[in-house]
Amino acid sequence: MTTETSLRLAGELGDTLKQKGWTMTCAESCTGGGIGYAITSVSGSSSWFERGFITYSNQAKQDLLGVQTDTLVVHGAVSAQTVEEMAQGALNAAKADMAIAVSGIAGPDGGSPEKPVGTVWFGLALKGETKSVLQRFEGDRQQIRQQAVEFALRFGAEAIR
């Protein structure tokens, strides 16, 4: 799932983190480790990438990242609230300076009129700040997942510049 674009974006994110002397972590659901894979494909990433969490199930989100049951019941796994809790949980667990989280519907199943296939939420946590953004991607499962990896890397780099 690593492309030239994702390698370039991971390298740019790493360069910015190195300049700041920061480390990062990620919490992934629909991307299934794609963000961590892109990052660890960059030589020297061990100096700025602490660890990654693949929390595909709701139970994993709760157990590993501290996502609240009420958040999942009320808002669902694919929501601003969930990715913000995922990002904050990863940040705390890794003791990193920045965390990126992603949860979405890559398809081909799982979509609904309210949350169609291609709906992906991204969360970002820095010490003292958490935010989220919604994106809607088109394509098949792999295309949606790749677009989500690339967006997450770009989102992280832009947030800390």
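Residues numbered from 1 in each chain as written. Predicted model: local features only at pLDDT ≥ 70, side-chain atom pairs only at ≥ 80, totals over all residues. Heavy atoms only, no water.

(A) Spatial organisation of the pairing of strand E4 (residues 119-126). Most of E4 sits inside the fold, with eight of its eight residues counted as buried. Relative to strand E5 (residues 129-136), E4 is paired through eight bridges, and the arrangement is antiparallel. Each bridged residue has a counterpart across the sheet, and for Phe122 the counterpart in E5 is Val133. Following E4, the chain reverses through two residues before pairing antiparallel with E5; Gly128 in that reversal takes a positive phi of roughly 90°. (Buried < 20%, exposed > 50% of the residue type's maximum accessible area, 1.4 Å probe, protein only. Helix = DSSP H or I, 4+ residues; strand = E, 2+ residues; numbered from the N terminus. Pairing = 2+ DSSP bridges.)

(B) Spatial organisation of the pairing of strand E2 (residues 49-54). Relative to E2, strand E1 (residues 24-28) runs parallel, the two sharing five bridges. Looking at E2, one finds that Met24 is bridged to Phe49. With helix H2 (residues 34-40) bridging E1 and the parallel E2, this β-α-β connection has right-handed handedness. (Right-handed = clockwise from strand over helix to strand, strands pointing away.)

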